[in-house]
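Structural characterization, general
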Amino acid sequence: MNIIKNFLKDENAATAIEYGLIAAGIALAIITVVNGLGSKLSSKFTAINTSLK
């Protein structure tokens, strides 16, 4: 019974889950920004390629 009480009082797993969610949110923001920049750069390089021909 004492083991179960200690397990329920332990908050280390909750902290790890919170850090995981924060890391996932940051990764999602980075992916969104890089995806937006990638499409803008692609259109710029296409315009440069067209003007050089």
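Remember, predicted model here, so these are calculated numbers, not experimental data. (Residues numbered from 1 in each chain as written. Predicted model: local features only at pLDDT ≥ 70, side-chain atom pairs only at ≥ 80, totals over all residues. Heavy atoms only, no water.)

Topic: the overall build of the chain
Spelled out, the test is: A run of H or I in DSSP becomes a helix once it reaches four residues, and a run of E becomes a strand once it reaches two; helices and strands are each numbered from the N terminus. Both definitions apply: the radius of gyration is a C-alpha atom measure, and the globule rule equals 2.2 Å times residues to the power 0.38. Surface accessibility in these figures is a Shrake-Rupley result with a 1.4 Å probe; residues are shielded only by whichever protein chains are displayed.
If you tally the helices and strands in the chain, you get two helices and zero strands. Taking 53 residues into account, the globule formula puts the C-alpha radius of gyration at 10 Å, and the chain, at 23 Å, lies well above it. Principal axes of the C-alpha set define a box for the chain whose edges measure 80 × 10 × 5 Å. A total of about 5,100 Å² of accessible surface is found on the chain, and carbon and sulfur atoms cover 70% of it.

As for the UniProt feature "transmembrane region" (unreviewed entry) in the chain
Inclusion rule: UniProt positions are given in the numbering used here, feature names are shortened, and annotations may be inferred rather than shown by experiment.
Per the UniProt entry, the sites bearing "transmembrane region" (unreviewed entry) are residues 16-37 in this numbering. Helix and strand shares over residues 16-37 are 100% and 0% respectively, and the end C-alpha atoms of the span are 32 Å apart.

Considerations on a nonpolar patch on the surface
Under the convention used in this document: Note on patches: the residues involved have over 30% relative accessible area and no salt bridge, like charges join within 9 Å, and the nonpolar side chains Val, Leu, Ile, Met, Phe, Trp and Tyr join within 5 Å. When a carboxyl oxygen of Asp or Glu lies within 4 Å of a side-chain nitrogen of Lys or Arg, that pair is called a salt bridge. Residue exposure (1.4 Å probe, protein chains only): buried if accessible area is under 20% of the type maximum, exposed if over 50%, otherwise partly exposed.
On the surface, Tyr19, Ile22, Ile26, Ile30 and Val34 cluster together into a nonpolar patch covering about 530 Å² of accessible area. Positionally, Ile26 belongs in helix H2 (residues 12-52). A relative accessible area of 49% means that Ile26 is categorised as partly exposed.

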